[in-house]
Amino acid sequence: MSPVSGAVVIVGAGHGGATLAALLRQSGFDEPVVMIGSEPHLPYHRPPLSKKFGDPGFQQPIRPPEFYADNDIVVRTGVSVTAFDRPSRTVQISTGERIGYAHLVLATGSSPRRLAVRGSDAAGVLTLRTIEDAAALGRSLEAQGALAIIGGGYVGMEVAAVARSHDVPVTVVERENRILARVASSELSQRLTDYHRARGTDIRVGAIVTGVGEQGGRATGVELADGSTISADTVLAGIGAVPDDGIAHAAGLACDGGVLVDSCGRTSDPSVFAIGDVARRPIDDTGALFRLESIPNVTEQAKQVVAALTGRPQPEPEVPWFWSDQFDIKLKIAGLVRPGARIVHRPGKKEGSFALYHLGADETVHAVETANAPSDFIAAKKFISQRIPLSPNALGDPSVSLHEVAGATPVGS
Ligand SMILES: Cc1cc2nc3c(=O)[nH]c(=O)nc-3n(C[C@H](O)[C@H](O)[C@H](O)COP(=O)(O)OP(=O)(O)OC[C@H]3O[C@@H](n4cnc5c(N)ncnc54)[C@H](O)[C@@H]3O)c2cc1C
């Protein structure tokens, strides 16, 4: 097929691809839009995969099937883009066809990091990224066998919570000295560790996995560097994700732990964009680039690319945020969690709810971690974007309203 004048070709039919295609049509873009996805499904929500994999409702399409035809969006599922050629502006797909583009958007996401230890290819060793992965985990819940989760990140802890709610014996093995070490404050890690342990999850920190035990090709457990063994019928490797930037790299785009983009989502080639888990992009005015794995992140980037493709002003920058559900705790985290912040604990209105405000040396809020505290989350997003210095004393005192906190003078205590 020869290059299609004006066409936007989107590689990846996940959250970013679906959002971008819909926003393009909503903004009146009337050139061809083609979305190519390697999974055999229309775009679906990934967050329920780790939160509801035990329920029949974990498969949630982002749009009803008719949406794409109704909006003149061509979707090719079950086919991969194997390469793209920048001089001729064509993508090569796994069927052998070539499709031309005026603009290409890479929304290829990321893939689970593979466990590189002996026995990791045994049956029963799973990762979690797709509908099929979640269905496999669901089957292991039904079987009620023990579950070992390698990696105490958000996905691992969400899976642990669901499994414990179904009375499955769960052990979480974390290499660092606390769960969520890279993404949460030590205060939040501790609170969540206590919460999970109180509900029967065995959490082992500072524990190095050296192998997966197997018998007849099936996993029997996890072996640790201290010589101990954890028996398990299912082993979930939740040790992070790597960006799917292989085709971008091969095409010569600037990549470094993801495809490098500017604040419009543009790569080092002006006719190629990248959004979502695969992209590393600027967030603040420091010029540092971040690769975030979250729905709000990919949605914001989709809006940026639509603005760039339709010649509209760029949207106002958003404060990055993320959510996670663990048991009855709805966590919402905004801003960038960095080491060294002063943490101010503010009790929430409901029993057990709280917000952890991360203050910098100038007493502005850099990040907030909230648990069942939606008003703190909303207020803190404003505090972060407006860079208002806050009094730590007032912030930590639940009798002082958030409105008053914003008006209070910092006392430097
Ligand atoms: C289990 C789980 C739970 C999560 N929970 C949360 C949460 O609670 N809150 C939150 O904010 N975020 C959550 N996330 C993260 C969020 O789902 C991702 O950040 C988001 O889906 C990223 O969108 P994306 O479009 O970049 O990638 P994806 O949605 O992963 O889509 C990428 C698609 O591209 C396809 N693809 C890759 N390469 C090619 C190719 N060469 N050709 C064609 N297709 C290709 C892939 O198969 C995939 O379908 C979760 C993720 C997972 C896995």
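Calculation notes
- Residues numbered from 1 in each chain as written.
- Predicted model: local features only at pLDDT ≥ 70, side-chain atom pairs only at ≥ 80, totals over all residues.
- Heavy atoms only, no water.
- UniProt positions renumbered as here; feature names shortened; annotations may be inferred.
- Domains from an automatic or database assignment.
- Contact = heavy atoms within 4.5 Å.
- Buried area = accessible area lost by both parts, 1.4 Å probe.
- Salt bridge = Lys/Arg side-chain N within 4 Å of Asp/Glu carboxyl O.
- Polar contact = N/O pair within 3.5 Å; in protein donor to acceptor, adjacent residues only side chain to side chain.
- Helix = DSSP H or I, 4+ residues; strand = E, 2+ residues; numbered from the N terminus.
- Buried < 20%, exposed > 50% of the residue type's maximum accessible area, 1.4 Å probe, protein only.
- Expected span 1.5 Å × (residues − 1).
- Near = heavy atom within 4 Å.
- Areas by Shrake-Rupley, 256 points an atom, 1.4 Å probe, with all protein chains shown as cover.
- Nonpolar A, V, L, I, M, F, W, Y, C, P; charged D, E, K, R; others polar.
- Pairing = 2+ DSSP bridges.
- Axes fitted to C-alpha atoms, helices over the stretch in contact; angles between N-to-C directions.

In the annotation of an unreviewed UniProt entry, the chain is listed under the name Ferredoxin reductase and assigned to Gordonia lacunae. Here is the UniProt Cofactor (unreviewed entry) comment for the chain, exactly as written: "FAD".

## Some points on the domain arrangement of the chain
Domain parsing of the chain yields domain 1 (8-111 + 242-310), domain 2 (125-239) and domain 3 (328-407). Just the C-alpha atoms count here: the centres of domain 2 and domain 3 sit 30 Å apart. Of the residues lining the interface, 9 residues belong to domain 2; the matching set on domain 3 comes to 11 residues. Carbon and sulfur atoms make up 69% of the area that domain 2 and domain 3 hide from each other, which totals about 860 Å². When the buried area of domain 2 at its contact with domain 3 is split by residue, L188, R191 and Y195 rank highest and sum to 50% of it. At the junction of domain 2 and domain 3, the tally comes to 0 salt bridges. On the surface where domain 2 and domain 3 come into contact, there are 3 residue pairs in polar contact (both at pLDDT 80 or more). The leading source of residues in the side of domain 2 that touches domain 3 is helix 6 (residues 186-198), at 5 residues.

## With respect to the side chain of E39
Residue position: E39 is located in the loop between strand 2 (33-37) and helix 2 (47-51). Side chain to side chain, E39 and Y44 meet in a polar contact 2.5 Å long. With residues up to four places along the chain from it excluded, the contact list for E39 reads Y44, R46, T77, G78 and T130.

## Concerning the pattern of salt bridges
Taken as a whole, this structure holds 15 salt bridges when the rule is applied. Ionic pairing is found between R118 and E223, a salt bridge with its closest N-O pair at 2.8 Å. Taken together, the positions of R118 in the loop between strand 8 (110-112) and strand 9 (125-126) and E223 in strand 14 (residues 218-224) put the pair 105 residues apart, joining distant regions of the chain. Residue classification places E223 among the partly exposed positions, given a relative accessible area of 22%. Taking the shortest distance from any N to any O, the salt bridge between R338 and D284 comes out at 3.0 Å. With R338 in the loop between strand 23 (329-335) and strand 24 (342-347) and D284 in the loop between strand 20 (279-282) and strand 21 (289-290), this residue pair connects regions lying 54 residues apart in the sequence.

## Comments concerning helix 4 (residues 131-143)
With 13 residues, helix 4 ought to run about 18 Å at 1.5 Å a step, and its terminal C-alpha atoms sit 19 Å apart, in line with that. Restricting attention to buried positions, one finds in helix 4 the residues I131, D133, A134, A136, L137, G138, S140 and L141. Where the residues of helix 4 are buried, they touch helix 2, strand 9, strand 10 (147-150), helix 5 (154-165) and strand 16 (234-237).

## Remarks on the site of the ligand
Neighbouring residues of the ligand: 31 residues in total, closest G16, E39, K51, R129 and D277. Side-chain polar atom of S38 to an oxygen atom of the ligand: 3.0 Å apart, as the coordinates give it. A distance of 2.7 Å is found between an oxygen atom of the ligand and a side-chain nitrogen or oxygen belonging to D277. When the ligand sits alone it has 1000 Å² of accessible area, and the protein chains cover 93% of it. At the level of elements, helix 1 (15-26), strand 2, helix 2, helix 8 (295-310) and strand 22 (321-326) are the ones that each hand at least two residues to the shell around the ligand. No other element matches the 3 residues that helix 2 contributes to the shell around the ligand. For the shell around the ligand, the residue count by class is 13 nonpolar, 12 polar and 6 charged. Of the residues that make up the shell around the ligand, three or more belong to each of domain 1 (8-111 + 242-310) and domain 2 (125-239).

## Some words on the sheet that holds strand 13 (residues 209-215)
Taken together, 3 strands build an open sheet; the order of strands is 13-14-15 and the sheet is antiparallel. This sheet does not close on itself; its edge strands, each paired only once, are strand 13 and strand 15 (229-231). Here the average twist between neighbouring strands, direction ignored, is 30 degrees. As judged from the 3 bridges shared by strand 14 and strand 15, these two strands associate in the antiparallel manner. Within strand 15, the position partnered with V222 by the bridge is I230.

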